[in-house]
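Here is what each chain is made of, one letter per residue.
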Amino acid sequence: MGISATALNMSPALAQDEEEAEALIEEIMVTGSRIARKDLTSVGPVTIIDELQIEAVGTNNLETLLQRIPAAAGFGGNATAAYWVSNGWGTPQINLRGLGISRTLVLLNGRRLVYGGTGANSAVDLSMIPMSLVSRIEVLKDGASAIYGADAVAGVVNIITKSSFDGLELTAKYGMTDESDGEEIALDLTWGAQSDKSNIMVNVSYQDNNPAPMWDKSRAPCPGQPTEDGFVCNALSSSTIGGRGTVPTGYMMPDGTIATGPTRINFNQDPNGNGDFFEVYNGNVHGFNYNEYFNASNPLRRVSFATLGNYEFSDSADLFAELLYTKRWSDQPASPATLRNLSFSADHPTNPTGIDFVMERRRLLENGYRYFEQETDTFHIVTGLRGYFADDWSYEAAFNWGYNSGTDAILNNINTGRLADTLDTSMCGSNGIPCADVFGYPDVTQEVLDYIVFTQTGTG
């Protein structure tokens, strides 16, 4: 980055005013290129959230604080993100200017952090940094790819930790929603000591968030008419528990009517009804209310350990070090799995339509809801030497190492290969493979569920 200057004729009074104004401006150190210099004009719009503002907000996590700033646009993932969120999986992240989490660079004390989440996805896991360590946050709300690269197109978030601490501090926070759920507990223990030549700070942090279910928070019946204050249910899914598909023009329905065009039908959803019964699909009648299987806020537990230190060898040389470790457990419930596009011939023994038929969607309610779990370990180690020489020259050399490992699991998931075996009349009924009937609820038997349901686990 270059600086250009133009010589101008200024009156002595104006020049004096500008000199006094410059003296009042606090020095700003631009460290993006690792070259510290004084700047009177910022390279872009910068938001600084200081320690007093952080304490005033009273939040237990960084993503809540950062996602409230105007520059945060578009979903960035958070500690309670459910499974359908791209790059989510319980990973709190930040998205500046709506350009995506992979285009927002997050730094700690001006240095890069290892990507987090399960399998080290494309953004930093903000949960690895305890709030009690944060001194201030600098948000550059403009593209900085020229300095940092493509991952800073949307901007940069630089988290600055406290430089020193002397004494012992224990803080505890507790809160809940006005529905008396979603309880949050945060405990922080910070110890520090300093002398003329050195300082050290140690922090241990624990966070425990309980779920806030959605099933008891709906203000509108589902399905049903709008409430008096205008709330309507929009949580109905066309993936029904009886199963649905489409019959062709001219098809005779069980009630004797003839389909005048391609007509979607839905199979029995009465637990005591006839599984082979079907009728014209009606979303308000057959639609599946998935809200009752989700949480408005999901559970999370986090344990963090951090040590920061500095030792002054001489007036011109300081040794510094950072060590952070975070372990996170998070989980999210989800609606029952959906079976999709299952083809049946007209003579298949479970097909009641009498024609070649495709079961387009079938919600497997017999198996109950799915569950998603994540466990991550994140390390961050920095050590280096910095100082000055020849009065006007500064230097810094540092080693920065980060490591993230994660495991994610989907419980109550469906093995589609095994499902196909249970529907294949040439295979099922022998060799321990049961035969399945997916037409109508609740015709899928426990024997079939025991064969097709499994826990899917991934590591990264």
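Rules and cut-offs
- Per chain, the residues get numbers from 1 upward, laid out in the order the sequence is written.
- Where local features are concerned, this predicted model is filtered to residues with pLDDT of at least 70; where side-chain atom pairs are given and counted, the filter is 80 or more; whole-chain, interface and lining totals use all residues.
- In computing side-chain values, all of the structure's heavy atoms are included and hydrogens and water are not.
- Only protein atoms enter the 1 Å grid used here, on which a cavity is any set of points holding a 1.4 Å probe that cannot leave and a pocket is any open set flanked by protein within 12 Å on both sides along at least five of seven lines; residues with an atom within 4 Å of a point are listed as lining.
- Grid points are joined across faces, edges and corners, and a volume is the space filled by probe spheres set on the points.
- Only DSSP runs of H or I with at least four residues qualify as helices, and only runs of E with at least two residues qualify as strands; both kinds are numbered from the N terminus onward.
- Gly counts as polar in this scheme, as do all residues outside two lists: the nonpolar Ala, Val, Leu, Ile, Met, Phe, Trp, Tyr, Cys and Pro, and the charged Asp, Glu, Lys and Arg.
- The term nonpolar core refers to a set of buried residues drawn from Ala, Val, Leu, Ile, Met, Phe, Trp, Tyr and Cys, joined through side-chain atoms within 4.5 Å.
- The classification of residues rests on relative accessible area computed with a 1.4 Å probe and restricted to protein chains. Under 20% of the type maximum is buried, over 50% is exposed, and intermediate values are partly exposed.
- It only takes one pair of heavy atoms within 4.5 Å for two residues to be counted as in contact.
- Aromatic pairs are defined between Phe, Tyr and Trp rings, using the six-membered ring for Trp, whenever the two ring centres lie within 6.5 Å; interplanar angles under 30 degrees are classed as stacked, those over 60 as edge-to-face, and all others as tilted.
- Per-residue confidence from the predictor is reported as pLDDT, a score between 0 and 100.
- Here a patch means residues that are over 30% exposed by relative accessible area and free of salt bridges, tied together within 9 Å if like-charged and within 5 Å if nonpolar (Val, Leu, Ile, Met, Phe, Trp, Tyr).
- We get accessible surface area from the Shrake-Rupley algorithm with a probe of 1.4 Å; when it comes to residues, only the shown protein chains can shield them.
- Salt bridge criterion: a side-chain nitrogen from Lys or Arg within 4 Å of a carboxyl oxygen from Asp or Glu.
- Any two cysteine sulfur atoms within 2.5 Å of one another count as a disulfide.
- Paired strands, as defined in this entry, are two strands with at least two bridges between them according to DSSP.
- Each axis is a line fitted through C-alpha atoms, and for a helix only the stretch in contact is used; angles between axes span 0 to 180 degrees, taken between their N-to-C directions.

> Sorry if this is basic, but what is going on with empty space enclosed by the protein here?
To find leftover empty space, a probe the size of one water molecule is rolled over the atoms. Summed over the entire model, instances satisfying the criterion amount to two cavities of 30 Å³ or more. By volume, the largest cavity amounts to about 90 Å³. Looking at the largest cavity, it is lined by 15 residues, and the ones nearest its centre are Asn 61, Glu 63, Ser 127, Gln 207 and Arg 302. Only helix 3 (62-66), strand 8 (198-209) and strand 16 (300-314) provide two or more residues apiece to the lining of the largest cavity. Along the lines of polarity and charge, the residues of the lining of the largest cavity split into eight nonpolar, five polar and two charged.

> I'm lost on the nonpolar core in this one. Help?
Across soluble globular proteins, you tend to see nonpolar side chains buried next to one another. Ile 137, Val 157 and Ile 159 are the most contacted members of the largest nonpolar core, which totals 30 residues. Within the residue set of this core, elements represented by two or more residues are helix 3, strand 2 (104-108), strand 4 (134-140), strand 5 (155-161) and strand 16. Sequence-distant contacts of Ile 159, that is, excluding residues within four places in its chain, are made with Leu 62, Val 106, Leu 107, Leu 108, Asn 109, Leu 126, Ile 129, Val 134 and Arg 136.

> Would you take a moment to explain the packing of aromatic side chains for this structure?
The geometry of an aromatic ring pair is captured by two quantities: the separation of the ring centres and the angle between the planes. Per the counting criterion, the structure on display carries 16 aromatic pairs. On the numbers, 6.4 Å between centres and 40° between planes, the contact of Tyr 251 with Phe 278 is tilted. You can see Tyr 251 sitting in the loop between strand 11 (244-247) and strand 12 (263-267) and its partner Phe 278 sitting in strand 13 (residues 278-280), a full 27 residues away along the chain. Here Phe 379 and Trp 401 contribute two aromatic rings whose centre-to-centre distance is 6.5 Å and whose plane-to-plane angle is 45°, an arrangement assigned as tilted.

> Whenever I open this one, the confidence of the model for the protein chain confuses me. Can you help?
Reading fine detail from the predicted coordinates is not recommended where pLDDT is low. With 81% of its residues at a pLDDT of 70 or more, the protein chain shows a mean pLDDT of 82. This model gives residues 35-42 a pLDDT under 50, and the stretch forms 15 contacts once residues within four places in sequence are excluded. Confidence over residues 82-88 falls short of pLDDT 50; this stretch has 18 contacts with residues more than four positions distant or in other chains.

> What is the right way to look at the layout of surface pockets in this model?
What the second largest pocket holds in volume is close to 360 Å³. Glu 55, Met 131, Ser 132, Thr 171 and Lys 173 are the residues nearest the centre of the second largest pocket, which is lined by 20 residues in total. Contributions of two or more residues to the lining of the second largest pocket are made by helix 2 (51-57), strand 6 (167-175), strand 7 (184-194) and strand 8. Of the residues contributing to the lining of the second largest pocket, the split by class is six nonpolar, seven polar and seven charged.

> Can you walk me through a nonpolar patch on the surface in this structure?
Taken together, the side chains of Leu 168, Leu 170, Leu 189, Trp 191, Ile 200, Val 204, Phe 305, Leu 323, Ile 381, Phe 399, Trp 401 and Tyr 403 present a nonpolar region at the surface, about 1,100 Å² in accessible area. When residues of the nonpolar patch are traced back to their parent elements, those giving at least two are strand 6, strand 7, strand 8 and strand 21 (393-414). Top element by residues in the nonpolar patch is strand 21. It accounts for three residues. Positionally, Ile 381 belongs in strand 20 (residues 370-389). Owing to a relative accessible area of 31%, Ile 381 belongs among the partly exposed residues under this scheme.

> Any chance you could explain the state of the cysteines here in plain terms?
Any covalent bond linking the sulfur atoms of two cysteines counts as a disulfide. Applying the stated criterion to the full structure yields one disulfide. Here Cys 428 engages in a disulfide with Cys 435; their sulfurs sit 2.1 Å apart. Judged by the torsion about the S-S bond (95°), the Cys 428/Cys 435 disulfide is right-handed. In this structure Cys 428 comes out as buried when scored by relative accessible area, which is 12%.

> Just to check I follow, could you spell out the pattern of salt bridges for this structure?
It is possible for side chains of opposite charge to pair when their charged atoms get near one another. By the definition in use, this model includes ten salt bridges. The partner of Arg 111 in a salt bridge is Glu 322, and the shortest N-O contact between them spans 3.5 Å. Linking Arg 111 in strand 3 (residues 111-112) with Glu 322 in strand 17 (residues 317-334), this pair joins segments that are 211 residues apart in sequence. For the pair Arg 111 and Glu 322, a shared accessibility class is recorded, and that class is buried. Note that Arg 111 and Glu 396 form a salt bridge whose closest N and O atoms lie 2.8 Å from each other. Taken as a pair, Arg 111 in strand 3 and Glu 396 in strand 21 lie far apart in primary sequence, 285 residues in all. Taking relative accessible area as the criterion, Arg 111 reaches 9% and is therefore assigned buried. Looking at Glu 396, the relative accessible area reads 35%, which means it is partly exposed. Because the salt bridges share partners, they merge into one network encompassing Arg 111, Glu 322 and Glu 396.

> What's the story with the sheet that holds strand 4 in this structure? I'm lost.
Adjacent strands of a sheet pair through backbone hydrogen bonds, lying either parallel or antiparallel. Spatial ordering of the open sheet is given by 1-4-5-2-3, a layout of five strands whose pairing is mixed. Each edge of the open sheet carries a strand with a single partner, namely strand 1 (46-49) and strand 3. Relative to strand 3, strand 2 runs antiparallel, the two sharing two bridges. The residue of strand 3 that forms the bridge with Leu 108 is Arg 111.

> I'm lost on the environment of Ile 69 in this one. Help?
Structurally, Ile 69 is set in the loop between helix 3 and strand 2. For Ile 69, a relative accessible area of 11% puts it in the buried group. For Ile 69 and Ile 49, which are 20 residues apart along the polypeptide, the C-alpha to C-alpha distance reads 9.7 Å. The residues contacting Ile 69, other than those within four sequence positions of it, are Ile 49, Leu 96 and Val 139.

> How should the sheet that holds strand 8 be read in this particular structure?
Taken together, eight strands build an open sheet; the order of strands is 6-7-8-16-17-20-21-22 and the sheet is antiparallel. The open sheet has two free edges, formed respectively by strand 6 and strand 22 (453-459), since each of these has just one partner strand. Neighbour-to-neighbour, the strand axes of this sheet turn through a mean angle of 5°, independent of strand direction. Here strand 17 pairs with strand 20 via 17 bridges, running antiparallel. Within strand 20, the residue paired with Asp 318 across the bridge is Arg 386.

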